[in-house]
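Each chain, written out:
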Amino acid sequence: MQNENMNDEAVSPVIATILMVAITVVLAGVLYVWASSLAEGNTDGNLALYQFGAEDANGDTTAGTEDNMVRVTMSQGGDLNWASISVKISVNNGAPVTCDNPGATGGACGLVEFGATSDQVWSVGDGVTVVESGQDLCTAGETCEVKVTITDTREGKTLE
């Protein structure tokens, strides 16, 4: 009889340990799923760590169609390949116009790259001057408000 009691006592701590481990694993899984859903809900899937600055291109507007309008410089973020970038401008709350990327032509506005121009990417410290390209987007002597929108077309995310 004593032999049976010893086996019963030995089994009980083992079962208790197994149950404690199982409960801990399940609880850890529940906490992980809960924390993941909170983190995902807070970012809304649109977290992009890019920052750009814009300034007047320091040129007077004319009746011509090649005026410099605004300079945009990347101050934070990873390299962006020009093949996956779209830059649109809206002048005085007008309809947005897509600008040609550096080296491309044919649109109403173009981008002239400055900084490191020998690569195919927009990097921190690099920038572009938005210029009219065949259309008078800002009338001579007029003060124009230019809104710039930069989109990563590959990811489908607006960066600025």
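Cut-off values and rules
- Residues numbered from 1 in each chain as written.
- Predicted model: local features only at pLDDT ≥ 70, side-chain atom pairs only at ≥ 80, totals over all residues.
- Heavy atoms only, no water.
- Phe/Tyr/Trp six-rings, centres within 6.5 Å; stacked < 30°, edge-to-face > 60°.
- Helix = DSSP H or I, 4+ residues; strand = E, 2+ residues; numbered from the N terminus.
- Buried < 20%, exposed > 50% of the residue type's maximum accessible area, 1.4 Å probe, protein only.
- Lys NZ or Arg CZ within 6 Å of the ring centre and 35° of its normal.
- Pairing = 2+ DSSP bridges.
- pLDDT = per-residue confidence, 0-100.
- Disulfide = S-S within 2.5 Å.

Engineer: Can you walk me through the packing of aromatic side chains in this structure?
Structural biologist: Ring pairs (aromatic) are described by centroid distance and by the angle formed between their planes. In total, this model carries 3 aromatic pairs according to the counting rule given. With 5.0 Å between their ring centres and 15 degrees between their planes, W82 and W122 make a pair best called stacked. Within this pair, whereas W82 is found in the loop between β3 (80-81) and β4 (85-91), its partner W122 is found in strand β7 (residues 121-122), the two being separated by 40 residues in sequence. Relative accessible area serves as the criterion here: at 7%, W82 is assigned to the buried category. Three or more aromatic residues joined by ring pairs make a cluster, and in this case those are Y50, F52, W82 and W122. Sitting over the face of the ring of F114, R71 holds its NZ or CZ atom 3.9 Å from the ring centroid.

Engineer: Mind showing me how you'd approach the sheet that holds strand β10 (residues 157-158) here?
Structural biologist: Strand pairing within a sheet occurs via backbone hydrogen bonds; the two strands may be parallel or antiparallel. Reading across the sheet, the 4 strands line up as β5-β4-β9-β10 and stay open at both edges, with antiparallel pairing between neighbours. Pairing within the sheet leaves two strands with one partner each, and these edge strands are β5 (97-99) and β10. Where β4 meets strand β9 (residues 146-152), 7 bridges bridge the pair, whose relative direction is antiparallel. Its bridge partner lying in β9, K88 is registered against T149.

Engineer: What is the right way to look at the confidence of the model for the protein in this model?
Structural biologist: The predicted coordinates ought not to be read in detail in places where the model reports low pLDDT. Counting all residues, the mean pLDDT for the protein is 82, and 84% of those residues have values of 70 or more. When pLDDT is averaged over each element of the protein, β5 comes out on top at 94 and helix α1 (residues 2-43) at the bottom at 66.

Engineer: For this particular structure, what's the right way to read the state of the cysteines?
Structural biologist: When the sulfur atoms of two cysteines share a covalent bond, that bond is a disulfide. A full pass over the atoms with the stated rule returns 2 disulfides. The disulfide partner of C99 is C109, and the S-S distance across this bridge is 1.9 Å. Across the disulfide from C99 to C109, rotation about the S-S bond amounts to roughly -100 degrees, and the bridge is consequently left-handed. Of this pair, C99 sits in strand β5 while C109 sits in strand β6 (residues 109-114); the two residues are 10 residues apart in sequence, bridging distant segments of the chain. On the basis of relative accessibility, which here comes to 4%, the residue C99 falls in the buried class. According to the relative accessible area criterion, C109 is buried, its value standing at 0%. Between the sulfur of C138 and that of C144 lies a disulfide, 1.6 Å long from S to S. Of note, the bridge from C138 to C144 carries an S-S torsion of about 105 degrees and is right-handed in sense.

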